[in-house]
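Secondary and tertiary structure notes
Given next are the chains, with one letter for each unit.
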Amino acid sequence: DASRDSLLRSHGLRVALAVAPDERQRFVRWAAPAAPAGALAVMAPPLDALVDVEIFDDSTHGAARARQALRAPQAFAGTRLSDLLLFRPGERMPETLSEAIPLALPSAETTPRQTLGLYWELYGVRTLHDPLDVSLTIERVGASWWQRARRALHLGRNTASVALHWEDAARPVNGVVGRSVSVDLSGLGGGTYRGRLQVKSGAEPARTAERELAIRR
């Protein structure tokens, strides 16, 4: 998201996403022309890598770069839960990653007027019969113990968090279960929040994924 940069506001940008596990391997995806905010995806092997996003505006000669180290997922037996992808829900909720990527938010920042979508995948699911036990909480970072206790006891009107729990049928495709959910943020105040998803499949241990987001009023 480069929409706040005065030198990168045209809709004719060139944007590159690169994942480099080492000096000899580099997986790149380009978008041109591109808007100041958007999403790109690239396929790369599950290795530690350096992720590089570069933006160029030929009309203003502006450029920007962001880099981040990416840790490869740990290999272990059983199920594994992906990170949480934040998106803006459309007419139809995504059921696969390819459907979710075009809806992805360009940053982990939203407003209480916007419904927030979360997409995730559970890997290593081998049976159709065990239901998925799913819980999702979105809680303000730095909430006091009294606020957490009131939420746990369901006392008073809670405007500091969201708590959801449900069961779902697995229906894996090649061992992968993709799911999405939309969350109403209208009851939350501005600030930094942490979304925490926990998914349990049958006798497997519960798997957890967390993601921070900012709500701006």
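Use the structure listed above.
Residues numbered from 1 in each chain as written. Predicted model: local features only at pLDDT ≥ 70, side-chain atom pairs only at ≥ 80, totals over all residues. Heavy atoms only, no water.

**A closer look at the overall build of the chain**
The secondary structure content of the chain amounts to two helices and 13 strands. Expressed as a percentage of its 217 residues, the buried residues of the chain come to 34%. Across the chain, every contact between residues at least 6 apart in sequence was considered, and the portion connecting residues at least 24 apart equals 65%. In the chain, 28 side chains carry a positive charge and 24 a negative one; their mean positions are 5 Å apart. (Helix = DSSP H or I, 4+ residues; strand = E, 2+ residues; numbered from the N terminus. Buried < 20%, exposed > 50% of the residue type's maximum accessible area, 1.4 Å probe, protein only. Contact = heavy atoms within 4.5 Å. Lys, Arg positive; Asp, Glu negative; His and termini not counted. Charge placed at Lys NZ, Arg CZ, Asp CG, Glu CD.)

**Focus on the nonpolar core**
Counting 26 residues, the largest nonpolar core has L116, L118, W120, I138, V183, L197 and V199 as its most contacted members. Elements with a contribution of two residues or more to this core: strand 8 (116-123), strand 9 (132-140), strand 11 (176-183), strand 12 (191-201) and strand 13 (207-215). Among residues more than four places away in sequence, those in contact with L197 are L81, L84, W120, V134, S135, L136, R207, T208 and A209. Residues L8, L13, A34 and I55 belong to the second largest nonpolar core, which totals seven residues. (Core = buried A, V, L, I, M, F, W, Y, C linked by side-chain atoms within 4.5 Å.)

**Concerning the sheet that holds strand 13**
Pairing is mixed in the open sheet, where five strands are placed in the order 7-13-12-9-10. Two strands bound the open sheet, and with one partner strand each, they are strand 7 (109-110) and strand 10 (161-168). In the sheet, strand 9 pairs with strand 10 via eight bridges, with the strands oriented antiparallel. Among the inter-strand pairings, I138 is bridged to a residue of strand 10, identified as V162. (Pairing = 2+ DSSP bridges.)

**Considerations on the layout of surface pockets**
Here the second largest pocket is characterised by a volume of approximately 250 Å³. Contributing to the lining of the second largest pocket are 14 residues, with E95, T96, R171, G178 and R179 lying nearest its centre. When residues of the lining of the second largest pocket are traced back to their parent elements, those giving at least two are strand 8 and strand 11. For the lining of the second largest pocket, the element with the highest residue contribution is strand 11, accounting for five residues. (1 Å grid on protein atoms, 1.4 Å probe; cavity = no way out; pocket = protein on both sides within 12 Å on 5 of 7 lines; lining within 4 Å. Points joined across faces, edges and corners; volume = space filled by probe spheres on them.)

**Structural notes on the environment of A16**
Its place among the elements puts A16 in strand 1 (residues 13-20). The sequence separation of A16 and R29 amounts to 13 residues, and the corresponding C-alpha distance is 5.7 Å. Each residue touching A16, except ones within four places of it in the same chain, is listed here: R29, W30, L40, D52, V53 and E54.

**Some words on the side chain of E54**
Note on placement: E54 falls in strand 3 (residues 49-57). A distance of 2.5 Å separates a polar atom in the side chain of E54 from a polar atom in the side chain of R65. In this structure, E54 is in contact with R14, V15, A16, A64 and R65, ignoring residues within four places of it in sequence. (Polar contact = N/O pair within 3.5 Å; in protein donor to acceptor, adjacent residues only side chain to side chain.)

**Notes on the pairing of strand 4 (residues 62-70)**
Looking at chain direction, strand 3 and strand 4 are connected through nine bridges and run antiparallel. Across the sheet, residue L50 finds its bridge partner in strand 4, namely A69. Counting the residues in the hairpin turn of strand 3 and strand 4 gives four residues, including H61, whose phi is positive at 60°.

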